[in-house]
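Summary of structural features
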Amino acid sequence: VVMEVPVPEQRLLCGTTELKDTDAVSELYRKDIRVDGSSVTLVRQSEETLWLERLSQGWGLKLVPQHLRSKRSIAWAAVRRVGTAIRLVPPEFKRDPEFLAAVREVEDADNERRAAARALTRDLLQREREERERDALRMPPDGWRVERWGVDPFWVHEETGWWQTRMPGMLRR
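Because the structure is a prediction, the values reported are computed rather than measured. Residue positions within a chain follow its written sequence, with the count starting from 1. For a predicted model such as this one, the threshold for reporting local features is a pLDDT of at least 70, and the threshold for listing and counting side-chain atom pairs is 80 or more; totals across whole chains, interfaces and linings nevertheless cover every residue. To obtain the side-chain values, all non-hydrogen atoms of the structure were used and water was disregarded.

1. Some thoughts on the packing of helix H2 (residues 47–56) against helix H4 (residues 72–81)
Rules: Axis geometry follows a simple rule: fit a line to the C-alpha atoms, using only the stretch in contact for helices, then measure angles between N-to-C directions, giving values from 0 to 180 degrees. To qualify as a helix, a DSSP run of H or I must reach at least 4 residues; to qualify as a strand, a run of E must reach at least 2; elements of each kind are numbered from the N terminus. In this scheme, roughly parallel covers angles under 35 degrees and roughly antiparallel covers those over 145, while 65 to 115 is roughly perpendicular and the rest are oblique. Whether two residues are in contact is decided by their heavy atoms: any pair within 4.5 Å suffices. Under the scheme applied, nonpolar residues are Ala, Val, Leu, Ile, Met, Phe, Trp, Tyr, Cys and Pro; charged residues are Asp, Glu, Lys and Arg; polar residues are all the others, including Gly.
Two elements in contact, H2 and H4, have axes separated by 9 Å at closest approach and are oriented at 5°. In this view, H2 runs roughly parallel relative to H4, as classed from their interaxial angle. Here Glu-48, Trp-51, Leu-52, Leu-55 and Ser-56 of H2 lie close against H4, whose contacting residues are Ser-73, Ile-74, Ala-77, Ala-78 and Arg-81. The class makeup of the residues in the contact of H2 with H4 is 6 nonpolar, 2 polar and 2 charged.

2. Section: a negative patch on the surface
The line we're drawing: Patches draw on residues past 30% relative accessible area with no salt bridge. Two like charges within 9 Å are joined, as are two nonpolar side chains (Val, Leu, Ile, Met, Phe, Trp, Tyr) within 5 Å. Computed by Shrake-Rupley with a 1.4 Å probe, the accessible areas treat only the displayed protein chains as cover when residues are assessed. Take a side-chain nitrogen of Lys or Arg and a carboxyl oxygen of Asp or Glu: if they are within 4 Å of each other, that pair is a salt bridge. When charges are counted, neither His nor the chain ends are considered; positive counts come from Lys and Arg and negative counts from Asp and Glu. Lys charges are placed at NZ, Arg charges at CZ, Asp charges at CG and Glu charges at CD.
Taken together, the side chains of Glu-105, Glu-107, Asp-108 and Glu-112 make up a negatively charged region of the molecular surface. Residue position: Glu-105 is located in helix H6 (residues 97–137).

3. Comments concerning the confidence of the model for the protein
Here is the rule we go by: Residue-level confidence of the predictor is what pLDDT reports, using numbers from 0 through 100.
Per-residue pLDDT for the protein has a mean of 78; in total, 82% of the residues score no lower than 70. Within the protein, the lowest mean pLDDT, 46, falls on strand E7 (residues 171–172), and the highest, 88, falls on helix H3 (residues 66–69). Across residues 167–173, where pLDDT falls below 50, the model places 13 contacts with residues more than four positions away in sequence or in other chains.

4. Some thoughts on H2
In an α-helix, one full turn covers 3.6 residues, which means residues spaced three or four apart are oriented alike. Test applied: Relative accessibility decides the category of a residue: with a 1.4 Å probe and only protein chains considered, values under 20% of the type maximum give buried, values over 50% give exposed, and everything between is partly exposed. In this description, one arc is meant: the one made by directions from the helix axis to the C-beta atoms.
For H2, the set of buried residues is Leu-50, Trp-51, Arg-54 and Leu-55. Looking straight down H2, one finds that the buried residues subtend no more than 135° of arc, so they occupy a single side. Elements in contact with the buried residues of H2: strand E1 (10–14), H3 and H4. In the segment just after H2, Gly-58 is the residue with positive phi, at about 105°.

5. With respect to the pairing of E1
Under the convention used in this document: Pairing between two strands is assigned when DSSP locates at least 2 bridges connecting them.
Pairing of E1 with strand E3 (residues 40–44), which is carried by 5 bridges, proceeds in the antiparallel orientation. Within E3, the position partnered with Leu-12 by the bridge is Leu-42. The sheet contact formed by E1 and strand E2 (residues 17–18) spans 2 bridges and is antiparallel. Residue Leu-13 lies in a different strand from E2, and its bridge partner there is Glu-18. Where E1 hands over to E2, the hairpin turn is made up of 2 residues, of which Gly-15 adopts a positive phi near 70°.

6. Quick look at the packing of aromatic side chains
This is how it is decided: The rule is short: rings of Phe, Tyr and Trp, with Trp giving its six-membered ring, pair when the centres are within 6.5 Å, and they are stacked under 30 degrees, edge-to-face over 60, tilted in between. Whether a charge sits over a ring depends on NZ of Lys or CZ of Arg being within 6 Å of the ring centre and within 35 degrees of the ring normal.
What the rule picks out here adds up to 3 aromatic pairs. Pairing Trp-76 with Phe-99 gives two aromatic rings, centres 5.9 Å apart and planes at 75°, and the pair type is edge-to-face. Taken together, the positions of Trp-76 in helix H4 and Phe-99 in helix H6 put the pair 23 residues apart, joining distant regions of the chain. Here Phe-99 falls in the buried class, since its relative accessible area comes to 2%. Through successive ring pairs, a cluster of aromatic residues spans Trp-76, Phe-93 and Phe-99. Its end group placed over the ring of Trp-51, Arg-54 keeps NZ or CZ at 4.7 Å from the ring centre.

7. Regarding the environment of Val-106
Topologically, Val-106 is positioned in helix H6. On the basis of relative accessible area, Val-106 is assigned to the buried category, the value being 11%. Sequence spacing of Val-106 and Val-79 is 27 residues, and the spatial spacing of their C-alpha atoms is 7.9 Å. When residues no more than four places from it in sequence are discounted, the contact partners of Val-106 are Trp-76, Val-79 and Arg-80.

Below, the structure is given as structure tokens:
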């Protein structure tokens, strides 16, 4: 039987196990994968399904063939992953209120994630500053005193007037 199934659309199943490009059917028995008899099933995956999978793996909408970009599922998968992909979807989706509302939800979620990341970064920087301050406020060696310039503490040598931050090699007069 000759079937004209393009290779990218092919999925081979041995029992319930999908075979990868590198698998050999004879190896499945050695790997202790349960198979029903010795049947191998060829399943055709549509081009649309293939591209939906690729989009979920991070492929960009620019790589999707033009005839598939007009499919709602493809456009939505791309925009759901990256809100700015709205620029590449066909105009009919840009006029669809339901589609645009969904895009706004994605953008709102992206904005919330960015705000959370900024807050986390701010907290980490604050902790780092507090740790530097704690380090500097520990009892300085004899002949040194702790002073502040802004929020950063530094040590000043009482006799020479030299000052030093906690970073090595930063001596000043």
